[in-house]
Amino acid sequence: MNIKYKNFKIIKNENFIIFKINDFLNHDQYNLLSKCFNKFKVSDIFHKDNLKYSISSNDEMFEKLQNIPEVYNLIQEIREKTLNIILKKLFFHIWKARYFSLNILFKLILSILGFKNVFKSQIEMSYIKNNGLIEPHLDGKKKLLSLMLYFPDKLENEKFDKFQKKIGTNFIINSTKLKKNIHLKSSKEKEVFHKNTKRNVKLEFEPLILFGFIKNDLSWHEVEKINIHPDYIRKSINLNYLI
């Protein structure tokens, strides 16, 4: 299956890099991945936080997808080829985010040359129920970059559909630095934090597009509280690369 990489674009580069690849998947590939979500019942998923349920490629449950060769092969292609393309396009920015570490430089070069498993990868299937959210956070120090594919529902109600387009990841341009990956949960923490916020960059929750960002000490992001209809579930596939 051929994945398209030509429509690569940097969305913002203030504080950290946010990028996207338009028409990353064709409709057949997209529909194939979309059906994956029906293979799992949300009630069976163990990982849960703020009405967010997730399945990781490290979980036994994820092995169900290996029984569907077309799906598994497509996921593996995305997992392996996409990193190489992004490293070539954003080499300097990724190295800069790691303070020009010689160790990271060496790993970047090895990965671009085709050596496998230089960087670890983890796939997450994410389900966030109505009224769910993800608080502002930075991600762990080992995170190199993250990629997101969104799977919006086909909503006949125009009002619901309008709201759905606004539930993409919200990136926060803020100068606050933390040594630990802490999610800001209390209203007081959020109030202090948002005093330093310059502005937000919100991704539209659109299909077929691959979104991503390079993790650094200022890559604050969140998913704001979802309020569409009682049975709504926000679905995405997230691909994380780790040092």
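Everything that follows concerns the structure shown earlier in this document.
Residue positions are given per chain, counting from 1 as you read along its sequence in written order. In keeping with the predicted nature of the model, local features appear solely for residues at pLDDT of at least 70, side-chain atom pairs appear and are counted solely at 80 or more, and the whole-chain, interface and lining totals rest on all residues. To get the side-chain values, take all heavy atoms of the structure and skip hydrogens and water.

A. View of a positive patch on the surface. Patch construction takes residues with relative accessible area above 30% that form no salt bridge. Like charges are linked within 9 Å, and nonpolar side chains (Val, Leu, Ile, Met, Phe, Trp, Tyr) are linked within 5 Å. Note that accessible areas follow from Shrake-Rupley with a 1.4 Å probe, and for residues the cover is restricted to the protein chains shown. Here, a salt bridge means any Lys or Arg side-chain nitrogen found within 4 Å of an Asp or Glu carboxyl oxygen. The sign given to each residue is positive for Lys and Arg and negative for Asp and Glu; His and the chain ends receive no count. Charge positions come from single atoms, namely NZ of Lys, CZ of Arg, CG of Asp or CD of Glu. Among the surface-exposed residues, Lys 35, Lys 39, Lys 41 and Lys 64 lie close enough to one another that they form a single positively charged patch. As for its placement among the helices and strands, Lys 41 is situated in the loop between α1 (27-34) and β3 (47-49). The exposure class assigned to Lys 41 is exposed, which follows from its relative accessible area of 57%. Working definition: helices are DSSP H or I runs of at least four residues, strands are E runs of at least two. Numbering for both runs from the N terminus. Burial classes: relative accessible area under 20% of the type maximum marks a residue as buried, over 50% as exposed, and values in between as partly exposed (1.4 Å probe, protein chains only).

B. Structural detail: the pattern of salt bridges. Under the defined criterion, the tally for this structure stands at 7 salt bridges. Of the charged contacts in the structure, one is a salt bridge between Lys 52 and Glu 124, with a shortest N-O distance of 3.4 Å. Residue Lys 52 is located in strand β4 (residues 52-56), and its partner Glu 124 is located in strand β5 (residues 120-129); the two are separated by 72 residues in the primary sequence. Exposure class is identical for Lys 52 and Glu 124. Each is buried. Ionic pairing is found between Glu 135 and Lys 185, a salt bridge with its closest N-O pair at 3.6 Å. Here the residue Glu 135 occupies a position in strand β6 (residues 134-137), and Lys 185 occupies one in the loop between β8 (170-174) and α6 (187-194), the gap between them amounting to 50 residues. Here Glu 135 falls in the buried class, since its relative accessible area comes to 7%. Taking relative accessible area as the criterion, Lys 185 reaches 48% and is therefore assigned partly exposed.

C. Layout of the packing of helix α2 (residues 69-89) against helix α4 (residues 102-112). Note on definitions: angles span 0 to 180 degrees between N-to-C directions of axes, and those axes are lines fitted to C-alpha atoms, for helices only across the stretch in contact. Orientation of α2 relative to α4, taken along the N-to-C sense of each, is 125°, at an axis distance of 9 Å. As far as their axial angle goes, α4 and α2 are oblique. Handedness of the crossing formed by α2 with α4: left-handed. Taken together, the residues of α4 that come into contact with α2 (itself represented by Leu 83, Asn 84, Leu 87 and Lys 88) are Leu 108, Ser 111 and Ile 112. The residue classification treats Ala, Val, Leu, Ile, Met, Phe, Trp, Tyr, Cys and Pro as nonpolar and Asp, Glu, Lys and Arg as charged. All others, Gly included, are polar. A breakdown of the residues in the contact of α2 with α4 according to their chemical character gives 4 nonpolar, 2 polar and 1 charged. Here roughly perpendicular refers to angles of 65 to 115 degrees, roughly parallel to angles under 35, roughly antiparallel to angles over 145, and oblique to all remaining angles. Handedness of a crossing is defined here by the sense of rotation of the near helix relative to the far one, left-handed for an anticlockwise turn of less than a right angle and right-handed for a clockwise turn. Working rule for contacts: check all heavy atoms of both residues, and any pair within 4.5 Å makes them a contact.

D. Summary view of the packing of aromatic side chains. In this scheme Phe, Tyr and Trp rings, the latter by its six-membered ring, pair at centre separations within 6.5 Å, and the angle between planes marks the pair as stacked below 30 degrees, edge-to-face above 60, and tilted otherwise. Enumeration over the complete set of coordinates arrives at 12 aromatic pairs. When the centroid spacing of 5.3 Å and the interplanar angle of 80° are considered together, the rings of Phe 37 and Tyr 127 count as edge-to-face. Of this pair, Phe 37 sits in the loop between α1 and β3 while Tyr 127 sits in strand β5; the two residues are 90 residues apart in sequence, bridging distant segments of the chain. As far as burial versus exposure is concerned, Phe 37 and Tyr 127 are alike and both buried. Grouped by ring-pair contacts, the aromatic residues Tyr 30, Phe 37, Tyr 127 and Phe 151 constitute a single cluster.

E. The arrangement of the sheet that holds β5 in detail. Sheet architecture is open: 8 strands sit in the order β1-β2-β10-β7-β12-β5-β4-β3, paired in antiparallel fashion. The open sheet has two free edges, formed respectively by β1 (8-12) and β3, since each of these has just one partner strand. For this sheet the average axis-to-axis angle between neighbouring strands, irrespective of direction, equals 25°. Criterion used throughout: strands pair if DSSP finds at least two bridges between them. With 3 bridges joining them, β3 and β4 adopt antiparallel strand pairing. Bridging across to β4, His 47 finds its partner in Ser 54. Together, β1, β2 (18-21), β5, β7 (143-150), β10 (210-214) and β12 (233-242) form the strand contacts of α2, whose direction differs from that of β12 by roughly 60°.

Read these as layout, nothing more, since geometry by itself doesn't imply function.
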